[in-house]
Amino acid sequence: MEKHRLSFWQIWNMSFGFLGIQMGFALQNANASRILQIFGADVHELSWFWIIAPLMGLIVQPIVGYYSDKTWGKLGRRKPYFLVGAILASIGLVLMPQADMFIAFLPALWVGAGMLMIMDASFNIAMEPFRALVGDNLRTDQRTAGFSIQTALIGFGAVIGSWLPYALTNWFGVSNETVAGVVPTNLILSFIIGAVILILSILVTVVTTKEYSPEELQRFEEQQDTDVTQVAGEEKSSLLDIFEDFRKMPATMRQLSWVQFFSWFGLFGMWVFATPAIAQHIYGLPYTDSSSATYQDAGDWIGILFGVYNLVSAFYAFALPYIAKKIGRKRTHAISLIIGGLGLLSIYIMPDKNWLIVSMIGIGIAWASILAMPYAILAGSISPKKMGVYMGIFNFFIVIPQIINALIGGPLVKYAYGNQAIFALMMSGISFLIAAALVSKVKDVDDVIQN
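Residues numbered from 1 in each chain as written. Predicted model: local features only at pLDDT ≥ 70, side-chain atom pairs only at ≥ 80, totals over all residues. Heavy atoms only, no water.

> Explanation requested: helix α11 (residues 251-281) in the structure shown.
Since the α-helix packs 3.6 residues into each turn, any two residues three or four apart lie on the same face. Under the 1.5 Å per step criterion, the end-to-end length of α11 is 43 Å for 31 residues, consistent within 8% with the ideal 45 Å. The sharpest bend along α11 comes to roughly 60°, located at Phe273, with the proline Pro276 sitting one to four residues further on. The element α11 is extensively covered by neighbouring structure, given that 25 of its 31 residues are classed as buried. (Helix = DSSP H or I, 4+ residues; strand = E, 2+ residues; numbered from the N terminus. Expected span 1.5 Å × (residues − 1). Bend = angle between axes of the 7 residues up to and from the residue. Buried < 20%, exposed > 50% of the residue type's maximum accessible area, 1.4 Å probe, protein only.)

Here is the structure:
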């Protein structure tokens, strides 16, 4: 017995919910710093507020991965988790930019940070079960294609989310003007639209996708190659066994952990500091400005730039399986990271805002590879029975570098960089290049190169 070979559209529908998840995630990434600054956060404090995101991932994803491995009900194994996650994330999306409505009870900044926490926890509830679903449902020879299609949908969703505030203002006349402490209308409406699309896209996956039963997965487990990490003895029943699974993680996962560390350290720095960095370095604004019309224009342009790198990633994702077949997954990932690192470093020398699009092309290539290649490499080293928990544990190596960056990023900007956030982006570029160098240490156990 072996898994069915799925058609392109079956894989597409299976991953379609990621379009909505990433649309919400992109709205958060492009605008959370801007919203927090409107509510009163200083530039050097931004990374401390953003620490909520990786902390939620550190706590939530391994737990959700563990329980999704154990779950089987009317909706299936993974689907209940990303459905609940989508509902909760939608609530956070609607309320974060409108946190000032609760000002009678708490400062808007606190409420905004709380909504950021709810969104991050909810995105994490939804995200890793989606990745585990690809590992559950796809054969080895379709796995790279599966994660690449998922990456393409992530890219398309992120483009919509990133461009939406700019589009509402410039194409539909929705105001982006604001006064101190109030989020502009285009952002509030964008977050509401994102919440609706998130729910609808998740429902597409829930309705169209069938999951294998526990008995079928057990038969796949018995047929898997013996050099893949196996689960000895009886079925584990304690949540605390996550720590034992962590200790026994496959060698490939340990090697990938360092690649992930530097990749996500760089991404976090870009997401947190892109708005103040470009507002200062390209638009010439002082670091204290967070409410002028020029600052709002800079914030809208950040959305366009983030949309560009996500659009590039969506199309590059379709090419990744073919490139990987020719030169291998490791080499594909290393080259993509190098291009992304150079893209980040090039921001410093760009003469105006339009030239930043060139930088975003390089970042988009790296982003597509970061979302696909490590997971395609990892899935080949994990037992199907433990796919969820190990995908959750793998997230440690995404969130820990973000937590470290969150703790040191703000002080570095304030004390080492003289409040010039552009140097945080330069550090992100260097981090990508280090990650590329570390890819050579990874053993890809089931890569197939076709000449």
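> Looking at this structure, how should I read helix α14 (residues 356-379)?
With 24 residues, α14 extends 35 Å between its outermost C-alpha atoms, agreeing within 8% with the 34 Å of an ideal straight helix rising 1.5 Å per residue. Taken as a whole, α14 carries its principal kink of about 30° at Ile370; the proline Pro374 stands between one and four residues after it. Within α14, 21 of the 24 residues are buried, which leaves the element mostly enclosed by the surrounding structure.

> What exactly am I supposed to notice about the confidence of the model for the protein chain here?
It should be kept in mind that the predicted coordinates are not to be read in detail where pLDDT is low. For the protein chain, the average pLDDT comes to 83, and 88% of its residues sit at 70 or higher. Scored below 50 in pLDDT, residues 225-237 makes 25 contacts in the model with residues more than four places away or belonging to other chains. (pLDDT = per-residue confidence, 0-100. Contact = heavy atoms within 4.5 Å.)

> How should I be thinking about the packing of helix α6 (residues 108-137) against helix α7 (residues 140-170) in this particular structure?
Any two packed helices are characterised by the angle at which their axes cross and by the distance between the axes. Between α6 and α7, whose axes approach to 10 Å, the crossing angle comes to 150°. Here α6 lies roughly antiparallel to α7, going by the angle between them. Judged by the sense of rotation from one axis to the other, the crossing of α6 with α7 is right-handed. The segment α6 lies against α7, with Phe130, Arg131 and Val134 engaging Gly146, Phe147, Gln150 and Ile154. Split by residue class, the contact of α6 with α7 holds four nonpolar, two polar and one charged. (Axes fitted to C-alpha atoms, helices over the stretch in contact; angles between N-to-C directions. Parallel < 35°, antiparallel > 145°, perpendicular 65-115°, else oblique. Left-handed = near helix turned anticlockwise from the far one by under 90°. Nonpolar A, V, L, I, M, F, W, Y, C, P; charged D, E, K, R; others polar.)

> Help me understand the packing of aromatic side chains, please; the structure alone is not making it clear to me.
Each aromatic ring pair is summarised here by two numbers: the centre-to-centre distance and the angle between the ring planes. In this structure the tally under the stated criterion is 18 aromatic pairs. Where Phe261 meets Phe262, the ring centres are 5.1 Å apart and the plane angle is 70°; that geometry is what we call edge-to-face. By relative accessible area, which is 18% here, Phe261 ends up buried. Here the aromatic rings of Trp264 and Trp367 are separated by 5.9 Å at their centres, their planes lie at 70°, and the arrangement is edge-to-face. Taken together, the positions of Trp264 in helix α11 and Trp367 in helix α14 put the pair 103 residues apart, joining distant regions of the chain. Each of the two residues, Trp264 as well as Trp367, counts as buried. (Phe/Tyr/Trp six-rings, centres within 6.5 Å; stacked < 30°, edge-to-face > 60°.)

> Please clarify how the side chain of Gln280 should be interpreted in this entry.
Note on placement: Gln280 falls in helix α11. Taking the relative accessible area as the measure of exposure, Gln280 reaches 9% and is therefore buried. Within the local environment of Gln280, its side chain forms a polar contact with the backbone nitrogen of Ala421, the two atoms lying 3.3 Å apart. Those residues in contact with Gln280, other than ones at most four positions away along the chain, are Val43, Leu285, Pro286, Tyr287, Asn419, Gln420 and Ala421. (Polar contact = N/O pair within 3.5 Å; in protein donor to acceptor, adjacent residues only side chain to side chain.)

> Just checking my understanding: could you explain the nonpolar core for this structure?
In summary, soluble globular proteins display a tendency toward joint burial of nonpolar side chains. Ile21, Trp271 and Ile347 are the most contacted members of the largest nonpolar core, which has 123 residues in total. The leading source of residues in this core is α14, at 16 residues. Those residues within four positions of Trp271 in sequence are excluded, and the remaining contacts are Phe25, Asn29, Ser33, Trp50, Trp264, Phe306, Tyr309, Trp367 and Gln402. (Core = buried A, V, L, I, M, F, W, Y, C linked by side-chain atoms within 4.5 Å.)

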